[in-house]
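Residues per chain are reported as follows:
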Amino acid sequence: MKRKFIEILGETFLRLSIIISLIFLFLFLFMIFSKGIKVISWEFLTRMPRSGMTKGGIYPAILGTFWITIVSIFIAFPIGIFSGIFLSEYGKPKWLVDIIKTSINTLSGTPSIVFGLFGLSVFVIGLNLKVSILSGGLTLAILILPTIINSTVEAINSVPFDFREAALSLGATKSQVIRNVVLPYAMPGILTGTIISVGRAAGETAPILFTAATFYSRRLPKSLMDEVMAMPYHIYALMTEGTSPQYQIPIAYGTAIVLLILILFINGSAIFLRYRIRKRRG
Amino acid sequence: MEELIKVKNLNLFFGSKHILKSINMSIYKKSVTAVIGPSGCGKSTYLRCFNRMNDYNGAKIDGEIMLDGEDINSKNTDVTKLRMKVGMVFQKPNPFAKSIFENVAFGLKIHGKLKTYEIENRVEESLKSVWLWDEVKDRLKESALLLSGGQQQRLCMARALATNPEIVLLDEPTSALDPNSTRKIEDLCLELKGKVTILIVTHNIAQAARISDYTAFLYLGELIEYNETKLIFTVPKDKKTEEYISGKFG
Amino acid sequence: MKTKEFLFKYVSFLAASLSILFLLGIILSIFKEGIPLFKEINVFDFIFGRRWHPTDEPPDFGILSLIIGSISVTIGALIVGVPLGVGSAIYVSEIASSNAKEILKPFIEILAGIPSVIYGLFGMNILAPIVRKIFNIPIGLNIFSTSIILGIMIIPFVSSLSEDALRSVSKDVREASYALGANRIETIFKVIVPAALPGIIASIILGFGRAIGETMVVLMVSGGTATIPSSIFSPVRPMTSAIASEMGETVKGSLHFQALYGIAIVLLIITLLSNLLMQWFVSREKNEKKIY
């Protein structure tokens, strides 16, 4: 009797823990959408902000997020792929690989605000890149690098040895095997990781606080050396600065919706891509 | 018969394990040579000595394998050039996840000296030589993974033949195939031996008897007996050979 | 041909080495900016000083209240997030059908992908007013609200690492337990969870690291008061929050600027240690698997 009771209790707890997480997720999405949906319009997406951020659109913030993200991926993607190749294909000397792996794991556990301080001291001040798209993009690139490296390693390790053998037996050199056989096979997996990193970079606030973002700019960015508005920072600033919360809060929710949809779309495509890979490979 | 390869006193170790023990044998041009023996006797490892595929598993090798007057185990050997001369087909069909055309053209393209039309000709020639051309000529751009298992294995043969190797190594090429596809591969071996030397490892004794001119019996890393196939199967000199081919152990 | 091979390998090597460089760069730059502070203030006073008044004349740079702020919201987050995260992981790996798994896992991943600033927005503008009303307290931005949001934020991290650990428990053990007449819950809690324990502990440490390093949520929800809290409904100013909100007002090279980097040193040391501890648990799990 007691045994049965404990069994039911245990299963109820486990079931509840996932249900609570899911309920929170839906409640969360519902609340954000219901509070912000009324400000969403075509103008909201395509216009400049007006009247001290209390009216108008968030076009510059969308553009800023776009550019910062693009810069970070452009830097992190090639570095990440080559790093992954080194770790999984060359992997010698072992002590060096171990140090590199530890560094990557440590980087991925470092708080994002610390990346922000690093960017401030090295890129903004040290290299004199100022508060700019470039500084923010570089900072975010280092932040997302571990994700790209790890997904590259994982994808490369999933390439069956058969393929490598076949290519080697045809006289391919090591780099030819990697470029012609290993990478094409691993690419969907690498892209999945990269897409998730894009979502991460687009949503981060702390690393760009002191390196790229500005609350208000009157013009659109013209070069990588310009400071920009960005959606995540815009949400924060609207909630904590300015003097007209009754107008600012709905805009903050509207910005949150745009950012959420963007990121749900990005992560959704990564999940879908991975699902496709798994199906294809049976 | 003219000699293509001469194996002299070949030994192979994995760590402290002595896998191949002082093997001496000659492989003759434009013939089919079969290596038989119970599983675990080292026949696949032996086969992989001929294109240096043991470079990747930590094997230590001494002794010589002379091909065209050069020892392929020498430090100066360009392994990638060697593998153009020595093609290989594996146990499981392993076409790349590329188109049929790209699979066959792979070896030609990575060595990169041929013009497009030359590559096209060679691909067609290779596919014809494995009787696959008529089956795939209208869908060369399709993924090779859509082919059946038997077709895939013949495609792998075409891929190995495309670089005009002097010898093709077949590592139990029919063990993953159905009887029909198996027969096709066997017929193919008989057909091809006029053009290229074939060294085949098989656990199927009857297969060796059907297609090979010479048979080597390998047991626990030693070459027990090596002779013309018809002699091995009729008047084996060694008792072990006789027991093995009559199915007393396997 | 040979040079191409060499070049390809060399480029890969250089790219991989960059990770070491970046990590060292982060550590060195944070220390470089923060260390000069300790010429003026001794380390003990900095860490155990109770007063954080960086803009007063003369200023006080004692970060004890910030450290306690960070620790209190982190413990709260673990209390909320660990049972839910580990529970979800057990449910997904041991109870859910494979179809349910296919649906549930993406949802957990979506939870992981939501930007922290939106969690902050939710906590600040939706959760805090509710908490204020329910508990009838003057301010809803406090340890309690922050813990709930942070706790939910770490669920996906705890759950995905725990699930890896649970999945790697061999099937034989499971079947052996059933064969001895244990029911599902007994099997889970007496056989599988103990076997996966190093991995589950690693996932809890990961959650700890995430929570203590999180910036936007604590910045928006924790209330921002730099005093030592007296209850779970007190507002606090965790370390990350102090850095993020004050950096904009400082002048480079000033004591306040250095003090914020000093906080980052403390934060960096805590996360480095928790990270190494986590990796140790992960590797221990792998080593144990090798023995069997």
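In this text, all values refer to a predicted model and were calculated from it rather than measured experimentally.

Colleague: In this structure, what is going on with the overall build of chain C? I would like to understand it.
Modeller: Looking only at helices and strands, chain C has 13 helices and two strands in total. Along the first, second and third principal axes, the C-alpha atoms of chain C reach 75 × 70 × 30 Å. Counted over contacts in chain C with a minimum sequence separation of 6, partners at least 24 positions apart contribute 70%. About 12,800 Å² of surface is accessible on chain C, with carbon and sulfur atoms providing 67% of the total. Mean positive and mean negative side-chain charge positions of chain C (23 and 20 charges, respectively) differ by 5 Å.

Colleague: Where do I start with the interface of chain A and chain B in this structure?
Modeller: The parts lose accessible area when they come together, and the size of an interface is often stated as this lost area. Contact with chain A, which involves 16 residues of that partner, is made by 22 residues of chain B. Both sides of the chain A and chain B interface together cover about 1,600 Å² of buried area, and 65% of this is carbon and sulfur. At the junction of chain A with chain B, the criterion picks out seven residue pairs in polar contact (both at pLDDT 80 or more). Among the secondary structure elements, those contributing two or more residues to the side of chain A that touches chain B are helix H7 (161-169) and helix H8 (174-203) of chain A. Counted by class, the side of chain A that touches chain B contains nine nonpolar, five polar and two charged residues.

Colleague: What is the right way to read the side chain of Ser126 of chain B from this model?
Modeller: All names here are of chain B. Along the chain, the position of Ser126 falls in helix H4 (residues 116-129). A residue is classified by how much of its surface remains accessible, and Ser126, at 6% relative accessible area, is buried. For Ser126, the side chain forms a polar contact with the main-chain oxygen of Arg122, separated by 2.8 Å. In contact with Ser126, other than residues within four places in its own chain, are Val104, Ala158, Leu161 and Ala162.

Colleague: When you look at the arrangement of the chains in this model, what are you seeing that I'm missing?
Modeller: Most contacts, when the two pairs of chains in contact are compared, are made between chains A and C. For the non-touching pair chain B and chain C, the nearest C-alpha separation works out to 10 Å.

Colleague: Please clarify how the packing of helix H9 (residues 184-195) of chain C against helix H10 (residues 197-213) of chain C should be interpreted in this entry.
Modeller: Helix packing geometry: the angle between the two helix axes and the distance between the axes. Residues and elements named next belong to chain C. Remark: H9 packs on H10, axes separated minimally by 5 Å, with the N-to-C direction vectors making an angle of 70°. Relative to H10, the element H9 lies roughly perpendicular. Contacts between H9 and H10 pair Val193, Pro194 and Ala195 from the former with Leu197, Pro198 and Ile200 from the latter. A breakdown of the residues in the contact of H9 with H10 according to their chemical character gives six nonpolar, no polar and no charged.

Colleague: Honestly, helix H3 (residues 100-111) of chain B in this entry has me stumped. Any pointers?
Modeller: Residues spaced three or four apart along an α-helix face the same direction, because each turn holds 3.6 residues. Taken across its 12 residues, H3 of chain B has 10 buried, putting it largely inside the fold. Residues of H3 of chain B that are buried: Ile100, Phe101, Asn103, Val104, Ala105, Phe106, Gly107, Leu108, Ile110 and His111 of chain B. The elements touched by buried residues of H3 of chain B are H7 and H8 of chain A together with helix H2 (79-85), H4, helix H5 (133-136) and helix H6 (149-161) of chain B. Looking one or two residues beyond H3 of chain B, the residue adopting positive phi is Gly112 of chain B, at roughly 50°.

Colleague: Is there a simple way to explain the pairing of strand E2 (residues 17-28) of chain B in this structure?
Modeller: Here is the key point about a regular strand: its side chains alternate between the two faces of the sheet. Residues and elements named next belong to chain B. Judged from the eight bridges that link them, strand E1 (residues 3-14) and E2 form a sheet pairing that is antiparallel. Looking across to E2, one finds that Val7 is bridged to Met25. Counting the residues that bridge the hairpin from E1 to E2 gives two residues, and of these Gly15 lies at a positive phi of roughly 60°.

Colleague: How do you make sense of the interface of chain A and chain C when you look at a structure like this?
Modeller: Between chain A and chain C, the residue contacts involve 82 residues of the former and 80 residues of the latter. A buried area of about 7,200 Å², summed over both sides, lies between chain A and chain C, and 76% of it is on carbon and sulfur atoms. By the criterion of area lost to chain C, the three top residues of chain A are Leu14, Ile18 and Phe24 of chain A, representing 9% of everything that side buries. Between Glu11 of chain A and Arg184 of chain C there is a salt bridge, with its nearest N and O atoms 3.1 Å apart. Here chain A and chain C share 13 residue pairs in polar contact (both at pLDDT 80 or more) between them.

Colleague: Can you help me understand the layout of surface pockets in this one?
Modeller: Over the atoms, a rolling probe the size of a water molecule traces out where space has been left empty. The computed volume of the second largest pocket comes to approximately 1,300 Å³. Lining the second largest pocket are 36 residues; nearest its centre among them are Ala172, Thr173 and Lys174 of chain A, Tyr56 of chain B together with Glu5 of chain C. Residue assignment for the lining of the second largest pocket shows that the elements contributing at least two residues are helix H3 (59-90), H7 and H8 of chain A, H2 and H3 of chain B together with helix H1 (2-34) of chain C. Counting residues per element, the lining of the second largest pocket draws most heavily on H2 of chain B, which supplies five residues. Across the lining of the second largest pocket, the residue classes tally to 14 nonpolar, eight polar and 14 charged.

Colleague: In this structure, what is going on with the packing of H3 of chain B against H6 of chain B? I would like to understand it.
Modeller: Residues and elements named next belong to chain B. Between H3 and H6, the least distance of the axes is 7 Å, while the angle of their chain directions is 35°. In this structure, H3 uses Ile100, Asn103 and Val104 to contact H6, whose residues at the interface are Leu155, Ala158 and Arg159. A class-by-class count of the residues in the contact of H3 with H6 yields four nonpolar, one polar and one charged.

Colleague: Sorry if this is basic, but what is going on with empty space enclosed by the protein here?
Modeller: Residues and elements named next belong to chain A. Tallied over the entire structure, the rule returns one cavity of 30 Å³ or more. Lining the largest cavity, in full, are Thr65, Ile68, Leu140, Ala201, Ala202, Glu204, Ile208, Ala230 and Pro232. Secondary-structure elements contributing two or more residues to the lining of the largest cavity are H3 and H8. Residues of the lining of the largest cavity, tallied by class, amount to seven nonpolar, one polar and one charged.

Colleague: Even after reading the chapter, I still don't get the nonpolar core, so can you show me in this structure?
Modeller: When a protein is soluble and globular, its nonpolar side chains tend to lie buried together. In this structure, Ile32 of chain A, Tyr46 of chain B together with Ile118, Tyr119 and Ile263 of chain C are the most contacted members of the largest nonpolar core, which totals 206 residues. A domain split of this core shows at least three residues from each of domain 1 (2-39) and domain 2 (44-291) of chain C. With near-sequence residues (within four places) excluded, Ile118 of chain C lies in contact with Phe28, Ile32, Ile235, Ala256, Leu259 and Leu260 of chain A. Core analysis: the second largest hydrophobic core is formed by 42 residues, Ala34, Val136, Leu140 and Val196 of chain B among them.

Colleague: What am I meant to see in the pattern of salt bridges here?
Modeller: Should their charged atoms come close, side chains of opposite charge can pair. Per the counting criterion, the structure on display carries 36 salt bridges over all chains. Taking the shortest distance from any N to any O, the salt bridge between Glu186 of chain C and Arg3 of chain A comes out at 2.6 Å. Residue Glu186 of chain C is located in helix H9, and its partner Arg3 of chain A is located in helix H1 (residues 2-36); the two belong to separate chains. When its relative accessible area of 45% is taken as the criterion, Arg3 of chain A is described as partly exposed. A salt bridge links Glu246 of chain C to Arg237 of chain C; its shortest N-O distance comes to 3.0 Å. Residue classification places Arg237 of chain C among the buried positions, given a relative accessible area of 16%. If you follow the salt bridges from partner to partner, you end up with Lys105, Glu163, Asp164 and Arg167 of chain C in one network.

So, how was this worked out
Residues numbered from 1 in each chain as written. Chains lettered and ligands numbered in written order. Predicted model: local features only at pLDDT ≥ 70, side-chain atom pairs only at ≥ 80, totals over all residues. Heavy atoms only, no water. Helix = DSSP H or I, 4+ residues; strand = E, 2+ residues; numbered from the N terminus. Contact = heavy atoms within 4.5 Å. Areas by Shrake-Rupley, 256 points an atom, 1.4 Å probe, with all protein chains shown as cover. Lys, Arg positive; Asp, Glu negative; His and termini not counted. Charge placed at Lys NZ, Arg CZ, Asp CG, Glu CD. Buried area = accessible area lost by both parts, 1.4 Å probe. Polar contact = N/O pair within 3.5 Å; in protein donor to acceptor, adjacent residues only side chain to side chain. Nonpolar A, V, L, I, M, F, W, Y, C, P; charged D, E, K, R; others polar. Buried < 20%, exposed > 50% of the residue type's maximum accessible area, 1.4 Å probe, protein only. Axes fitted to C-alpha atoms, helices over the stretch in contact; angles between N-to-C directions. Parallel < 35°, antiparallel > 145°, perpendicular 65-115°, else oblique. Pairing = 2+ DSSP bridges. Salt bridge = Lys/Arg side-chain N within 4 Å of Asp/Glu carboxyl O. 1 Å grid on protein atoms, 1.4 Å probe; cavity = no way out; pocket = protein on both sides within 12 Å on 5 of 7 lines; lining within 4 Å. Points joined across faces, edges and corners; volume = space filled by probe spheres on them. Core = buried A, V, L, I, M, F, W, Y, C linked by side-chain atoms within 4.5 Å. Domains from an automatic or database assignment.

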